[in-house]
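Observations on the three-dimensional arrangement
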Amino acid sequence: TDTIDITELRSSVVDSLNNNGILAAFMCALAGQIYTSPPEEAICFGDSAVKIMQCIEWLAMGLFFLVTMMTIVLNSDIDGVPDTLLIAHLQESLTMHSITAILLMCGVAVLAVGYGVDINERVGCPGLPWGLFAAPLFPLGSLAFLAYMRSLRRTTGRTNQWNSQLGKSACVPWADLLVSAEDGDIREAAAADGVVLMEPVG
């Protein structure tokens, strides 16, 4: 059975949360830039498009705010969990970590749509609103890269016979490390530190 270095796992989780929080803050600043400085003269669909763009960017800023606060809470949360219980706790809270990553992706997609509307109103849209078609390509390209790296993890796992679950998680890659931690391993590690894990009731 593969073993997990708890210190490295904790560091990976913290780094992932920090990256998400920093990216969310940066993207929120980008959304705020065009939200507070809309084009003076809307030359594609008019003022109504500018109002729609501001609503879209307001939604994006809300999503990024949620991500920022959730990463802070999750970071603080694992600070209160000892190493012997970290794997078990991460398995229980994995959904919350995944939701944070999904909200970040949604925020980026919404931000891109808003920027697509904005560029059309600033430079015009001769023939078709090209900004609306071009802007989503950036987050889609990022998702394609994410999917590609996930497939490489799967290939690495199969090639080296490490674990068939490697590459299973798309949102939080460190979660792939948890599949090699069985309940017995967790209890053995806890017992070594004098920690008694309660059996589930019922």
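Throughout, a residue's number is its position along its own chain's written sequence, starting from 1. Residue-level local features of this predicted model are given only where pLDDT is at least 70; pairs of side-chain atoms are given and counted only at 80 or more, and the full residue set underlies all totals for whole chains, interfaces and linings. Hydrogens and water are ignored here; the side-chain numbers use all heavy atoms of the structure.

1. As for the UniProt feature "transmembrane region" (unreviewed entry) in the chain
Per the UniProt annotation, the sites labelled "transmembrane region" (unreviewed entry) are residues 56-74, 94-115 and 127-148. Going along the chain from the N terminus, every DSSP run of H or I of four or more residues is numbered as a helix, and every run of E of two or more is numbered as a strand. For residues 94-115, helix accounts for 100% and strand for 0%, while the C-alpha atoms at its two ends are 32 Å apart. From the first C-alpha to the last, residues 127-148 spans 35 Å; its make-up is 77% helix and 0% strand. UniProt positions are given in the numbering used here, feature names are shortened, and annotations may be inferred rather than shown by experiment.

2. Considerations on the state of the cysteines
Any cysteine sulfur atom paired with another within 2.5 Å is treated as part of a disulfide. Per the counting criterion, the structure on display carries 1 disulfide. Across a sulfur-sulfur distance of 1.6 Å, cysteine 44 and cysteine 125 are joined as a disulfide pair. Between cysteine 44 and cysteine 125, the disulfide has an S-S torsion of 95° and is therefore right-handed. In this pair, cysteine 44 sits in the loop between helix H1 (6-36) and helix H2 (47-79) while cysteine 125 sits in the loop between helix H3 (83-123) and helix H4 (130-134), placing the two residues 81 residues apart along the sequence. Cysteine 125 shares its class with cysteine 44; the two are buried. We note that cysteine 171 lacks a disulfide partner, and the nearest cysteine sulfur, in cysteine 106, lies 9.5 Å from it. Any residue under 20% of the maximum accessible area for its type is buried, any over 50% is exposed, and the rest in between are partly exposed; the area is computed with a 1.4 Å probe on protein chains only.

3. Examining the packing of H1 against H2
Two elements in contact, H1 and H2, have axes separated by 8 Å at closest approach and are oriented at 160°. With respect to each other, H1 and H2 are oriented roughly antiparallel. The handedness of the crossing between H1 and H2 is left-handed. Looking at the contact of H1 with H2 residue by residue, the classes come out as 18 nonpolar, 8 polar and 3 charged. Axis definition: a line fitted to C-alpha atoms, limited for helices to the stretch in contact. Angles are taken between N-to-C directions and run from 0 to 180 degrees. Note on angle classes: values under 35 degrees are labelled roughly parallel, values over 145 roughly antiparallel, values of 65 to 115 roughly perpendicular, and the remainder oblique. Throughout, a crossing is termed right-handed when the near helix is turned clockwise from the far one, and left-handed when it is turned anticlockwise from it by less than a right angle. Polar here means any residue other than Ala, Val, Leu, Ile, Met, Phe, Trp, Tyr, Cys and Pro, which are nonpolar, and Asp, Glu, Lys and Arg, which are charged; Gly is therefore polar.

4. Some points on the nonpolar core
Note on terminology: a nonpolar core comprises buried Ala, Val, Leu, Ile, Met, Phe, Trp, Tyr and Cys residues joined through side-chain atoms within 4.5 Å. With 14 residues, the main nonpolar core has Leu9, Val13, Leu86, Leu90, Trp174 and Leu178 as its most contacted residues. Going through the elements one at a time, H1, H2 and H3 are the ones with two or more residues in this core. Of all the elements, H1 adds the most residues to this core, at 4 residues. Sequence-distant contacts of leucine 90, defined by excluding residues within four places in its chain, comprise Leu9, Val13, Ile78, His97, Trp174 and Leu178. Among the nonpolar cores identified, the runner-up in size contains 13 residues, and Met27, Ala60, Met61 and Phe64 belong to it. Note on contacts: a residue pair is in contact if any heavy atoms of the two residues lie within 4.5 Å.

5. Points about the environment of isoleucine 34
By the element assignment, isoleucine 34 lies in helix H1. Residue class for isoleucine 34 comes out buried when judged on its relative accessible area of 4%. Beyond its immediate chain neighbours, meaning those up to four positions away, isoleucine 34 contacts Met53, Glu57, Gly114, Tyr115, Asp118 and Arg122.

6. A word on the pattern of salt bridges
Think of a salt bridge as a Lys or Arg side-chain nitrogen and an Asp or Glu carboxyl oxygen that are within 4 Å of each other. For the structure shown, the criterion picks out 3 salt bridges. Arginine 122 is the partner of aspartate 118 in a salt bridge, and the nearest nitrogen-oxygen pair spans 2.6 Å. Residue aspartate 118 and its partner arginine 122 are located together in helix H3, separated by 4 residues, close to a single helical turn.

7. Observations concerning the confidence of the model for the chain
Segments scoring low in pLDDT should not have their predicted coordinates read at a detailed level. Per-residue confidence for the chain averages 83 on the pLDDT scale, and 85% of its residues sit at or above 70. Confidence scores per residue from the predictor, reported as pLDDT, run from 0 to 100. Highest mean pLDDT in the chain belongs to H2 (95); lowest belongs to helix H6 (residues 183-192) (45). Low confidence marks residues 182-187, where pLDDT is under 50. Its contacts with residues over four positions away, or in another chain, come to 11 contacts. Low pLDDT, under 50, characterises residues 189-202; the predicted model gives this stretch 12 contacts beyond four residues in sequence or across chains.

8. A few points about the side chain of serine 169
Turning to its location among the elements, serine 169 is positioned in the loop between helix H5 (137-159) and H6. Among the residues examined, serine 169 registers a relative accessible area of 14% and is labelled buried. Here a polar contact means two N or O atoms within 3.5 Å. Within protein one must be a hydrogen donor candidate and the other an acceptor candidate, and residues neighboring in sequence count only if both atoms are side-chain atoms. Engagement of the side chain of serine 169 in a polar contact is seen with the backbone oxygen of valine 172, the distance being 2.8 Å. Ignoring anything within four residues of it in the chain, the contact list for serine 169 reads Arg150, Arg153, Ala175 and Asp176.

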